[in-house]
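Fold and contact review
Next come the chains, spelled out residue by residue.
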Amino acid sequence: MARQKNNETQGSHSDGSFSFKLNPFLNIFVPTSKPHTSKSHTSKPSSYQVSVYPRATVLTVAGSDPSGGAGLQADLKTFHELGAYGMSAVALITVQNTLGVSHVETLSPKLLRDQLDAVRSDIPPRAIKTGALGTAENIHTVAEALADYRGAIVVDPVLISKRGDRLADDDCVAAYRDALLPLATIATPNRHEVQALTGRLQKSEPTHTDFEAWIGSLTEMGVRCPLIKAGRVQDKRLHVLGLEEDFIIIGVPDLPGVSDLPGVPDLPNGKCHGAGCCLSACITARLAIAAGDKPSDAEIREACEFAILAVHTAISVGPKYGQGESPIEMRILRHAATEGR
C-alpha cells in the first residue's frame, strides 16, 4: 500500500485489516506514560500502531449528546478508536453538558426508520448497537426494522441511570421486554434497569441468587447473553455475564464462580460520563472485528472482558472536561485495542 508522509501505512493483514503509524501529540494514550511537560512539545513524539478493519462496519441507533461524552458521539468515537467503521441513526436529540440534561426531543418513528433503511441498504453493518431510543414507538420501530437482521445486536436498554434516575416510562420498559430484547445477542442493563425489566427487585447488595434470577429472566425474554452492570460490590465494579450454559462474575476475584479477569476497582473520580455507552459500543465493535454473524460464547466473553478493562482504563486516565461529570478518555481505547489483539 502507498506510503504517506507522517502517516505510514504498514500493509494489509490476513484478517483483512491494515495498520499504519501515527504520531500522537498527547501522551495519555499509554497509561504508564509520564505527565505531559513543556519540553515534550519539542521532543519527537513516539509512534504507535492503529489497525483498521474495512469489513467491520458498525451501526449505532442512539441519542445525541452535544457535549460529546455519551450517546452516539461516544459510540462513534469508540468505533473509530477500535478500528471499526461507525455509522449512526439518530433517535433523539438532547440539550446537555457535563452538568446534566435540560431538554430532550425525540425524532419521529418514520424518520428513525428512514435512517435505518438508508444506512442498511447502502453499507450493511456487521454489528448493531442500540442506545437511548426515547419512546416505546421508537423501540418498536427499531425492532421491526431489525427483525430480519442476522448479525450481532447489542442492546443497551437506557431506562434508568446508574444513580437510579428514571429516563423512560413504563411503556418503554414493556417495549424493550416484548420487542427489542428478544432480538439481542447481548443486552447491557445496569442493576436498576434489570430490576425494572424483570420485575425482580432487591434492596441490599445483590447475591448469586439475584444474578441467577436476573440472567434467567432476560434469557427467557430472548436475550442470548445478558451482561448486567451490577454496580459496586466490595469496592469493585461488578459485571455478570450470562452465557448459554452458565453465568460468570467479572470483576471480584474472591467471589465463587468468578472469571479469570483481574478485579476492576471502583473509580469515583468524577470522570465516568458516557462509560455505559462506551462499554456497549466497545463490545459491538469488538464483535464486528473478531466474530462472525453468530459469535460463539468464547467470542462474546472475550469482547465483554476486553470492553470492561478498556473502559476502566479510559475512566482512570486523561484530563477532566467540563464542570460536572467529565467524559471518559476514549482516546486510550486505541492502545487497549493494540494490546488486546
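Structure first, text after, so check above.
Residues numbered from 1 in each chain as written. Predicted model: local features only at pLDDT ≥ 70, side-chain atom pairs only at ≥ 80, totals over all residues. Heavy atoms only, no water.

Here we look at the packing of helix H5 (residues 191-198) against helix H6 (residues 208-221)
Their axes nearest at 10 Å, the elements H5 and H6 cross at an angle of 60 degrees. Between H5 and H6, the crossing angle belongs to the class labelled oblique. H6 is crossed by H5, and the crossing has left-handed handedness. When H5 is examined against H6, the residues Arg-191, Val-194, Gln-195, Leu-197 and Thr-198 are found in contact with a partner set consisting of Trp-214, Ser-217, Leu-218 and Met-221. Its residues assigned to classes, the contact of H5 with H6 shows five nonpolar, three polar and one charged. (Axes fitted to C-alpha atoms, helices over the stretch in contact; angles between N-to-C directions. Helix = DSSP H or I, 4+ residues; strand = E, 2+ residues; numbered from the N terminus. Parallel < 35°, antiparallel > 145°, perpendicular 65-115°, else oblique. Left-handed = near helix turned anticlockwise from the far one by under 90°. Contact = heavy atoms within 4.5 Å. Nonpolar A, V, L, I, M, F, W, Y, C, P; charged D, E, K, R; others polar.)

Looking at helix H4 (residues 170-180)
Where H4 is concerned, the buried positions are Cys-172, Val-173, Ala-175, Tyr-176, Ala-179 and Leu-180. Where H4 is buried, its residues meet strand E7 (127-130), helix H3 (136-145), strand E8 (152-155) and H5. N-cap assignment for H4: the residue whose side-chain oxygen lies 3.2 Å from the backbone N of Asp-171 is Asp-169. (Buried < 20%, exposed > 50% of the residue type's maximum accessible area, 1.4 Å probe, protein only. Polar contact = N/O pair within 3.5 Å; in protein donor to acceptor, adjacent residues only side chain to side chain.)

Let's talk about helix H1 (residues 71-82)
When the terminal C-alpha atoms of H1 are compared, their 17 Å separation across twelve residues agrees well with the 16 Å that a helix rising 1.5 Å per residue should span. Where burial is concerned, most of H1 is hidden: nine out of the twelve residues are buried. (Expected span 1.5 Å × (residues − 1).)

Structural notes on the pattern of salt bridges
Scanning the entire structure with this criterion turns up eleven salt bridges. Among the ionic pairs, Lys-229 bridges to Asp-156, the shortest N-O distance being 3.8 Å. You can see Lys-229 sitting in strand E10 (residues 225-233) and its partner Asp-156 sitting in the loop between E8 and H4, a full 73 residues away along the chain. A single burial state applies to Lys-229 and to Asp-156, both of which are buried. Through salt bridges with shared partners, a single ionic network connects Arg-224, Glu-244 and Asp-297. (Salt bridge = Lys/Arg side-chain N within 4 Å of Asp/Glu carboxyl O.)

Focus: the pairing of E8
Here E8 shows no split at all, with Ala-152 and Val-154 on one side and Ile-153 and Val-155 on the other all buried. Pairing between E7 and E8: four bridges, direction parallel. Counterpart to Ile-128 in the pairing with E8 is Ile-153. In this fold, the crossover linking E7 to E8 by way of H3 has right-handed handedness. Sheet analysis places E8 next to strand E9 (residues 186-187), joined by two bridges and oriented parallel. Bridge pairing links Val-154 to Ile-186 in E9. One crossover worth recording links E8 to the parallel E9 by way of H4, and it is right-handed. (Pairing = 2+ DSSP bridges. Right-handed = clockwise from strand over helix to strand, strands pointing away.)

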